[in-house]
Amino acid sequence: MNNQTKETYQTSQLYRLRHSTAHILAQAVMEMFPGEAQIAIGPPIENGFYYDFDLPRALTLDDLPILEKRMHEIIDGKHKFIKSEPNLEQARKEFAHQKYKLELIETIAKPDKSKADSVKHEPDAISFYTHDTFTDLCRGPHLEHTGEINPKAVKLLSVAGAYWRGDSNKTMLQRIYGTAWNTPKELRKYLWTIEEAKKRDHRKLGTQLGLFHFSNDIGPGLPLFTPAGETVRHLMESYVRDVQSKYGYQHVWTGHVVKEDLYKKSGHYENYRDAMFPAMIDENVKFRLKPMNCPSHMSLFKEMGKHSYRDLPIRFAEFATLYRYEKSGELTGLTRVRSLTQDDCHIFCTPDQIQDEFALALDLIQEVLKRYRFTDYRVRLSLRDNTGKYVQDDEKWKIAQSALKNALDVSGLDYYSETGEAAFYGPKADFMARDVLGREWQLSTIQVDFIQPSKLGLTYHGEDGQEHTPVVLHRAVTGSTERFLGVLIEQYAGAFPVWLAPVQAVIIPITDRNLEYCHKLSTTLQNVGLRVNIDAGNDRMNSKIRKAQVQKVPYMLVIGDKEEQSNSVSVRSRSGKNTTVQSVDEFLSLIEESISSGE
RNA sequence: GCCCUCGUAGCUCAGGUGGCAGAGCACACCCUUGGUAAGGGUGAGGUCAUGGGUUCAAAUCCCAUCGAGGGCUCCA
């Protein structure tokens, strides 16, 4: 939506505006449930704000206009936001009946030791902000007064459940999402973006374009791909495969089922057991559907004999379908599934090679993202925090972290660090790409792993004749075929670039007597590898054009007597503009050009 | 998994205070052979997600299960 970094957003006027609007929402909700509403937290977020409540009844969408109306009244009151800094006792007294606020007050009074590291500044003094009749425990900052908000630029959007402090063991609260902007125009633009996103929803377009289905007979999160959908999948995978081969990656295949013991050795069992499908048991030996490739690729590395430092780097790539037992509530279309095909790769190298390999992977990723028209992205350097979920080996983490940082510095890419996002075995560089609507997706990833190779006993012979443990870089370009396809459908609004379109051209005869010529034309085009259909149905030409437009087929070739006599085609592109009559050869070079340019 | 909402034809959706199941598109057949976004007619298609309950009567009300969506949480 905007290119502001987090830091400048947090000091922006818009941030204060949204924060203040959240307070006004909280006031309106408290008045709706006098004496019964418990308020939790209500921060600004990207594009808006939310506030969490514990209420005597469930909110419905019908409540939102009522709350909005009351918010408008409060805004019109031009109430000042007044900051105060009570001591601990006063704070406890003020919120004596607000248990969530009390809990927050105690947290501020006694900061959590485990998070002490990430909070570099002094512990905050307790501060309140009061406007009208409402006082909130809040760090601020806020607007001068409520009148600075344009009520026509504020809208409440939805109600959702949210755990107190994001902890599934704690109370489920009700969250109201809202949005606020400086001007009604900006609000309208944002609401348009939401509408546009709905139109582009890959689940909707996937049905409309006939790409994939879900079936109750198959199971949740297990998509079925139609011939058209599989065509796109196949194109995506062969494209990445070709690029990988060009960059010196080798493709391997390691199957679907693995002994559970391997995941105990690798550490995945401990960390991800809940996200694996239940075990299959064969005479006391437990097997699992493969939820990730790393242990399989590492096992293959081991089986291939002794390795010399001269053989490294070795790069194993695989388009493997993995099975992850995602919780039922988390499944979403193609972006979150239980069977996913990763374009995964593991690079076995010496510590000295990390930087070069990282740079190579970076080049590869940039080439691929560009082909898919993702040009706006940044890199998130994902580091560990102090929680216990990471493998304990400070020395190795340090090396891995600085290796990644160096490589990123050398690359000149825009990156930012985020703690708590690392893999359990090492830090990651994640590519966060914005689509045409400004939404950010995590696509590619490069991870440094000093842990698993030693856990699984991988070795190579170094120059010194000694055995060493290789470093493994984990790398995915598009992530998973399924998810990436979902993102692509939304990025392109279903209008795939010509090279990816399941059908590149539809031949539309005007009358039946043109059919024979259409078949000849179709054969000519298919012989040079184009994906072409003839719409030989009983409909009129207009109706066939409409059908092709709705299916977003890049080219419609209308064939009547005139074209037949002059051995030409009437070319209509899906933009609907500039239909031209061309010779078949002219059309061939036109479509070849659009394929290679990636349009 | 949890909170909320939803599930009617292949698709998009009406209907519903309990009383014979509806439309458009798509599909099949017939007529029409048309020049750049929907030609006309006829027809077929539903155990109203599934299972139980209340009732003379359930698509409609209640319970459970399954599935989907908005979130929370998680993502090797």
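So, how was this worked out
Residues numbered from 1 in each chain as written. Chains lettered and ligands numbered in written order. Predicted model: local features only at pLDDT ≥ 70, side-chain atom pairs only at ≥ 80, totals over all residues. Heavy atoms only, no water. Helix = DSSP H or I, 4+ residues; strand = E, 2+ residues; numbered from the N terminus. Buried < 20%, exposed > 50% of the residue type's maximum accessible area, 1.4 Å probe, protein only. Contact = heavy atoms within 4.5 Å. Expected span 1.5 Å × (residues − 1). Core = buried A, V, L, I, M, F, W, Y, C linked by side-chain atoms within 4.5 Å. Domains from an automatic or database assignment. Near = heavy atom within 4 Å. Polar contact = N/O pair within 3.5 Å; in protein donor to acceptor, adjacent residues only side chain to side chain. Pairing = 2+ DSSP bridges. Axes fitted to C-alpha atoms, helices over the stretch in contact; angles between N-to-C directions. Salt bridge = Lys/Arg side-chain N within 4 Å of Asp/Glu carboxyl O. Parallel < 35°, antiparallel > 145°, perpendicular 65-115°, else oblique. Left-handed = near helix turned anticlockwise from the far one by under 90°. Nonpolar A, V, L, I, M, F, W, Y, C, P; charged D, E, K, R; others polar. Arc of directions from axis to C-beta. Phe/Tyr/Trp six-rings, centres within 6.5 Å; stacked < 30°, edge-to-face > 60°. Lys NZ or Arg CZ within 6 Å of the ring centre and 35° of its normal.

1. Some words on the overall build of chain A
Okay, step 1: Helices and strands together make up the secondary structure of chain A, namely 19 helices and 28 strands.
Okay, step 2: Principal axes of the C-alpha set define a box for chain A whose edges measure 90 × 70 × 50 Å.
Okay, step 3: The burial tally for chain A puts 49% of its 599 residues in the buried class.
Okay, step 4: Sequence-distant contacts, at least 24 apart, represent 72% of the contacts inside chain A between residues at least 6 apart.

2. Describing helix α12 (residues 354–371)
Okay, step 1: Counted at 1.5 Å a residue, the expected span for α12 with its 18 residues is 26 Å, and the 26 Å between its end C-alpha atoms agrees.
Okay, step 2: Taken as a whole, α12 has its buried residues at Ile354, Glu357, Phe358, Ala361, Leu362, Leu364, Ile365, Val368 and Leu369.
Okay, step 3: Directly after α12, the chain includes Arg373, whose backbone phi takes a positive value near 70°.

3. Here we look at the environment of Glu482
Okay, step 1: Take Glu482: it is sitting in helix α15 (residues 481–492).
Okay, step 2: Glu482 sits in the buried class, given a relative accessible area of 3%.
Okay, step 3: Apart from the residues lying within four places of it in its own chain, the contact partners of Glu482 are Pro223, Phe225, Arg233, Leu334, Val337, Ser339, Leu340 and Thr341.

4. Comments concerning the nonpolar core
Proteins that are soluble and globular tend to have nonpolar side chains buried together.
Okay, step 1: Counting 78 residues, the largest nonpolar core has Tyr372 and Leu500 as the members making the most contacts within it.
Okay, step 2: Element by element, the count of residues in this core is highest for α12, at eight residues.
Okay, step 3: When residues of this core are assigned to domains, at least three map to each of domain 2 (208–256 + 291–492) and domain 3 (505–597).
Okay, step 4: Each residue touching Tyr372, except ones within four places of it in the same chain, is listed here: Met236, Tyr239, Thr478, Phe484, Leu488, Gln491, Tyr492, Trp499 and Leu500.

5. Digging into the protein's contact with RNA strand B
Okay, step 1: Taken together, the neighbourhood of RNA strand B is formed by 52 residues, with Tyr163, Ser328, Ile510, Glu563 and Ser570 sitting nearest.
Okay, step 2: Within 4 Å of the protein, the atoms of RNA strand B are drawn from sugar and phosphate moieties in a proportion of 48%.
Okay, step 3: For RNA strand B, a sugar or linking oxygen lies 3.4 Å from a polar atom in the side chain of Asn216.
Okay, step 4: If you list the elements that add at least two residues to the surface near RNA strand B, you get β7 (154–163), β8 (172–180), α10 (268–272), α17 (541–550), α18 (561–566) and β27 (568–573).
Okay, step 5: At six residues, α17 tops the list of elements feeding residues into the surface near RNA strand B.

6. Focus on the sheet that holds strand β13 (residues 280–282)
Okay, step 1: Spatial ordering of the open sheet is given by β12-β14-β13, a layout of three strands whose pairing is antiparallel. In this open sheet, the two edge strands, each paired with only one partner strand, are β12 (257–259) and β13. Taking each pair of neighbouring strands and ignoring which way they run, the sheet shows an average axis angle of 35°.
Okay, step 2: Both β13 and strand β14 (residues 285–289) contribute to a ladder of three bridges, which runs antiparallel.

7. Notes on unusual backbone geometry
Backbone phi values are negative for most residues with the exception of glycine, while trans is the configuration of most peptide bonds.
Okay, step 1: Cis geometry is found at the peptide bond from Gly140 to Pro141, where omega equals -5°.
Okay, step 2: Assignment of secondary structure puts Pro141 in the loop between β6 (134–137) and β7.
Okay, step 3: Not every positive phi belongs to a glycine, and Arg373 is a case in point at roughly 70°.
Okay, step 4: If you trace the backbone, Arg373 turns up in the loop between α12 and β17 (377–383).

8. Some points on the pattern of salt bridges
Okay, step 1: In total, this model carries 37 salt bridges according to the counting rule given.
Okay, step 2: The partner of Arg175 in a salt bridge is Asp52, and the shortest N-O contact between them spans 2.7 Å. Residue Arg175 is found in strand β8, and its partner Asp52 is found in strand β3 (residues 48–54); the two are separated by 123 residues along the sequence. When sorted by exposure, Arg175 lands in the same class as Asp52, which is buried.
Okay, step 3: Across the pair Glu103 and Arg165 runs a salt bridge whose closest N-O atoms are separated by 3.7 Å. Of the two residues, Glu103 sits in helix α5 (residues 99–109) while Arg165 sits in the loop between β7 and β8, which places them 62 residues apart along the sequence.
Okay, step 4: Put simply, Glu46, Arg378, Arg434 and Glu440 are held in one network by salt bridges that share partners.

9. Digging into the side chain of Asp63
Okay, step 1: If you trace the backbone, Asp63 turns up in helix α3 (residues 63–76).
Okay, step 2: Note on Asp63: relative accessible area 7%, which makes it buried.
Okay, step 3: Apart from residues lying up to four places away in sequence, Asp63 is in contact with Met32, Arg57 and Ala58.

10. Details of the packing of helix α8 (residues 227–246) against α12
Okay, step 1: Two elements in contact, α8 and α12, have axes whose closest approach is 11 Å; the angle formed by their N-to-C orientations is 150°. By the criterion of interaxial angle, the relationship of α8 to α12 is roughly antiparallel. Crossing of α8 against α12: the hand is right-handed. The residues of α12 that touch α8, namely those facing Tyr239, Val240, Val243, Gln244 and Lys246, are Leu364, Glu367, Val368 and Arg371.
Okay, step 2: Broken down by class, the residue content of the contact of α8 with α12 amounts to five nonpolar, one polar and three charged.

11. Quick word on the packing of α8 against α15
Okay, step 1: Where α8 contacts α15, the axes come no closer than 11 Å and their chain directions differ by 105°. What the angle tells us is that α8 and α15 run roughly perpendicular. Residues Val232, Arg233, Met236 and Glu237 of α8 pack against Thr481, Glu482, Phe484, Leu485 and Leu488 of α15.
Okay, step 2: Class assignment of the residues belonging to the contact of α8 with α15 gives a composition of five nonpolar, one polar and three charged.

12. Some thoughts on α5
Okay, step 1: By the burial criterion, the buried members of α5 are Tyr100, Lys101, Leu104 and Ile105. Seen from one end, α5 has its buried residues packed into an arc of 140°, which puts them on one side.
Okay, step 2: Where α5 is buried, its residues meet β1 (38–39), β3, α4 (88–94), β6 and β8.

13. Examining the domain arrangement of chain A
Okay, step 1: For chain A, the domain assignment lists domain 1 (3–200), domain 2 (208–256 + 291–492) and domain 3 (505–597).
Okay, step 2: Computed over C-alpha atoms, the centres of domain 1 and domain 3 are 56 Å apart.

14. Topic: the packing of aromatic side chains
The relation between two aromatic rings is expressed through the spacing of the ring centres and the mutual angle of the planes.
Okay, step 1: The tally for this structure, following the rule as stated, stands at 22 aromatic pairs.
Okay, step 2: On the basis of an interplanar angle of 50° and a centroid distance of 5.8 Å, the ring pair of Tyr272 and Phe424 is categorised as tilted. Of this pair, Tyr272 sits in helix α10 while Phe424 sits in the loop between β18 (415–419) and β19 (428–434), placing them 152 residues apart in sequence.
Okay, step 3: Of the residues examined, Tyr272 reaches a relative accessible area of 38% and is grouped as partly exposed.
Okay, step 4: Residue Phe424 is classed as buried on the basis of its relative accessible area of 3%.
Okay, step 5: Taken together, the aromatic side chains of Tyr239, Tyr372, Phe374, Phe484 and Trp499 make up a single cluster linked through ring pairs.
Okay, step 6: If you follow Arg371 out to its NZ or CZ, it ends over the ring of Tyr239, 5.9 Å from the centre.
Okay, step 7: For the cation-ring pair, Arg371 lies above Trp499, with the distance from its terminal atom to the ring centre recorded as 4.5 Å.

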